[in-house]
Amino acid sequence: MDMSVTVGAAEGEPQRAKTEAKTIARGANASDLDAWLEKVEALGELKRITAEVDPDLEAATITYLVGGEKSPALLFENIKGHPGHRALYNMIGCNLSRFCLMIGEQPVDHPLKAVQILQQKLGRKMPPKEISADQAICNQNIVEGDDIDIRIFPAQRMWPLDGGMYLGTGDAVVTKDPETGRINVGTYRMMIKGPREVGVYTSPGKDATIDREKWWKMGKPMPIAAAYGIDPLLFLVAATSLPKTECEYEYYSGINGAPIEVFTSELTGLPLPARAEIVLEGFLYPDETFAEGPFGEFTGYYGRPSGATPFMRVERVRYRDNPTLTCALMADTAANEAGLFWAALRSAGIWADLQKLGVPGIKGVWSIPEAAGWGITVVSIKQMYAGHAAQVMALAAQCTAGAYFGKYVIVVDDDIDPTNVNQVLWAMATRSRPAQSIDILRETWSTYLDPSLNPPEIRPWGSKCLINACMDYRFIKTFSKRTKLSKDAYENVVARWQELGLSGSPPVISVFEDETSAGSVS
């Protein structure tokens, strides 16, 4: 698991929403995760599981079974073999309201509203705030040297064929570029090797890999730290490929609206998140590797075992009393912990990139969460000129935010909600012409975790399919008219919804018939 989706930053700042959850007083014994969990519980979206649960397969199985649809965050408070420890799963899942809480906003009623808010917030950065080490909650307990045994924490095995117990899934891993001093915060899978050793799997081209190679080229071990029990927002920015010259802490602070608090370790020289609940520190030494994996990945398949994965020699462990381990289940479809927030991040990035490129008429961008978060991207446009749809397809596929891995880019007209898969499929079936509407890009940037690319040695080269599901612009004025509801009739039915005995809320409709039939009754 090398979790990162590339985004492009946008300019501007949204209207700060008022939170309905009560304000959290951040005392010396309160972590950022505590504050977030209290807000989630106030919304009625936290499920505390007090029955004993085994971290070996059982917790992940529970999460998978409930995570396929809108579901609460799961806080396991009685973990077999780990008294006093907790594990948090399904932090966001496919729940839009918790995603909004993660980015510091009031819940919204449509995914594109959240994407627009995030797009704007990505454009404001601020540096972290340095505090003293004695103010950091993770320093309530400090263990060093031979007294370290990282197996005290409830590492998880999530899938039956996983190669071991994984401490790092919902993590934030801190590294440093030895040439420029740039700090990187990334999310990488971390399988326990021994009481003082934990693997750090990073894909080629990722920031931590580049940092490591620079340190090793200098003949030095790479200093590294891994934080768990973190604010979900830190997980979001860590799992995002931001520009390689910039630090994720600054994006966290910008989205949060206040700087993240860090302290500098005298052991590694790295700035560490002060309100994380668990922090491991150590070094990656040249030529010290082990056989790590396999691991059930975000694609819903096992990533092939890596025969030479570096591991951290842990030299210091910091943790708060009774800590919580943040866990991220990688799975197929909606149960993928990263599906929704990857979708929002990728969508916000592509939307911002298209705007910066000066492409007009963009009405919405959405990467389908159930399609591994970034496998399929849909762009809704108001067609304005010949070749407009083809231009959008090509740019969305290869802009900074869209270049990595995504396989399908679908462009639809502005009467189609890109977040509504049913509408998208209908547009593909009734507006695209397979012989004319599909283009293929070859030798594009993919991932070593794509199970469709075989033999594995050909990875990470991939391809992209571009599908024009718009009405043919040459005939758009005479294109067959689609059926649309009458706005008056719709509003009348909405007003009588309960009177009619219909359950739930009426669907939101925004496209209505604007012409009058010759056969209409006056």
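An account of the accompanying structure is given in this report. Model, not experiment: these values are computed from the prediction. (Residues numbered from 1 in each chain as written. Predicted model: local features only at pLDDT ≥ 70, side-chain atom pairs only at ≥ 80, totals over all residues. Heavy atoms only, no water.)

Another aspect to go through is the sheet that holds strand S15 (residues 261-264). Think of a sheet as strands paired side by side through backbone hydrogen bonds, with each pair either parallel or antiparallel. One open sheet accounts for three strands, arranged S6-S15-S16; its pairing is mixed. Edge positions in the sheet fall to strand S6 (129-130) and strand S16 (271-273), since each has one partner strand and no second. With three bridges joining them, S15 and S16 adopt antiparallel strand pairing. Counterpart to Val 262 in the pairing with S16 is Pro 273. (Pairing = 2+ DSSP bridges. Helix = DSSP H or I, 4+ residues; strand = E, 2+ residues; numbered from the N terminus.)

Most peptide bonds adopt trans geometry, and most residues besides glycine take a negative phi value. A cis amide bond links Gly 293 to the next residue, Pro 294, at an omega of 5°. Within the secondary structure, Pro 294 sits in the loop between strand S17 (278-292) and strand S18 (295-296). In this chain, Asn 454 is followed by Pro 455 through a cis amide linkage whose omega measures 0°. With respect to the helices, strands and loops of the structure, Pro 455 is situated in the loop between strand S25 (438-445) and strand S26 (461-469). Look at Thr 333: it is not a glycine, yet its phi comes out positive at around 50°. Its place among the elements puts Thr 333 in the loop between strand S21 (324-326) and helix H8 (339-356). For Thr 333, a relative accessible area of 45% puts it in the partly exposed group. (Buried < 20%, exposed > 50% of the residue type's maximum accessible area, 1.4 Å probe, protein only.)

In this section: the environment of Arg 196. Turning to its location among the elements, Arg 196 is positioned in the loop between strand S11 (190-194) and strand S12 (197-199). For Arg 196, a relative accessible area of 26% translates into the label partly exposed. Put simply, Arg 196 and Asp 34 are 162 residues apart on the chain and 28 Å apart in space, counted from C-alpha to C-alpha. With near-sequence residues (within four places) excluded, Arg 196 lies in contact with Gly 145, Asp 146, Ile 148, Met 312, Arg 313, Val 314 and Glu 315. Engagement of the side chain of Arg 196 in a polar contact is seen with the side chain of Asp 146, the distance being 3.0 Å. (Contact = heavy atoms within 4.5 Å. Polar contact = N/O pair within 3.5 Å; in protein donor to acceptor, adjacent residues only side chain to side chain.)

Ordered in space as S22-S23-S24-S26-S25, the five strands form an open sheet in which the pairing is mixed. In this open sheet, the two strands that pair with only one neighbour each are strand S22 (362-367) and S25. The sheet shows a mean angle of 20° between the axes of neighbouring strands, taken without regard to direction. Bridge count for strand S23 (residues 376-381) against strand S24 (residues 408-413) is six bridges, and the pairing is parallel. In the strand pairing of S24, Val 378 is matched with Ile 410. (Axes fitted to C-alpha atoms, helices over the stretch in contact; angles between N-to-C directions.)

In the structure shown here, the tally under the stated rule is 34 salt bridges. The residue Glu 246 makes a salt bridge to Lys 125 at a minimum N-O spacing of 2.5 Å. One end of the pair, Glu 246, is in the loop between strand S14 (240-241) and helix H7 (248-256); the other, Lys 125, is in the loop between helix H4 (111-121) and S6, with 121 residues separating them in the sequence. Residue Lys 125 is classed as partly exposed on the basis of its relative accessible area of 37%. (Salt bridge = Lys/Arg side-chain N within 4 Å of Asp/Glu carboxyl O.)

This part covers the packing of aromatic side chains. For the structure on display, the rule yields 16 aromatic pairs. Centroid distance Phe 298 to Phe 405: 6.0 Å. Interplanar angle 85°. Geometry classified as edge-to-face. With a gap of 107 residues between them, Phe 298 in the loop between S18 and strand S19 (302-303) and Phe 405 in the loop between helix H9 (388-398) and S24 connect regions that are remote in the sequence. We classify Phe 298 as buried; its relative accessible area is 3%. Residue Phe 405 is classed as buried on the basis of its relative accessible area of 6%. One aromatic cluster is present, formed by Phe 235, Phe 298, Phe 341, Trp 342, Trp 374, Tyr 404, Phe 405 and Trp 445 through successive ring pairs. The ring of Trp 216 is capped by Arg 212, whose NZ or CZ atom sits 5.2 Å from the centre of that ring. (Phe/Tyr/Trp six-rings, centres within 6.5 Å; stacked < 30°, edge-to-face > 60°. Lys NZ or Arg CZ within 6 Å of the ring centre and 35° of its normal.)

Burial in helix H1 (residues 32-42) covers these residues: Asp 32, Leu 33, Ala 35, Trp 36, Leu 37 and Val 40. Contacts made by the buried residues of H1 are with strand S3 (46-49), strand S5 (86-89), helix H3 (96-102), helix H6 (232-238), H7 and S21. Just downstream of H1 lies Gly 44, where phi reads positive at about 75°.

Counted according to the given criterion, the structure contains zero disulfides. No disulfide involves Cys 247; its sulfur sits 17 Å from the nearest other cysteine sulfur, which is in Cys 138. Cys 94 provides the cysteine sulfur closest to Cys 327, a residue in no disulfide bond, and the two sulfurs are 18 Å apart. On the basis of relative accessible area, Cys 327 is assigned to the buried category, the value being 1%. (Disulfide = S-S within 2.5 Å.)

Moving on, we get to the side chain of Thr 299. The residue Thr 299 is located in the loop between S18 and S19 in this model. The exposure class assigned to Thr 299 is buried, which follows from its relative accessible area of 15%. A polar contact is formed between the side chain of Thr 299 and the backbone nitrogen of Tyr 301, at a distance of 3.4 Å. Excluding residues within four positions of it along the chain, Thr 299 makes contact with Leu 449 and Pro 451.

What follows covers a nonpolar patch on the surface. Together, Val 493, Leu 500 and Leu 502 line one region of the surface with nonpolar side chains, adding up to about 220 Å² of accessible area. Summarising the element assignment, Leu 500 is placed in the segment after helix H12 (487-495). For Leu 500, a relative accessible area of 40% puts it in the partly exposed group. (Patch = residues over 30% accessible without salt bridge, like charges linked within 9 Å, V, L, I, M, F, W, Y side chains within 5 Å. Areas by Shrake-Rupley, 256 points an atom, 1.4 Å probe, with all protein chains shown as cover.)

All right, on to H7 then. With eight of its nine residues buried, H7 lies for the most part within the structure. Among the residues of H7, those classed as buried are Glu 248, Tyr 249, Tyr 251, Tyr 252, Ser 253, Gly 254, Ile 255 and Asn 256. Directly after H7, the chain includes Gly 257, whose backbone phi takes a positive value near 85°.

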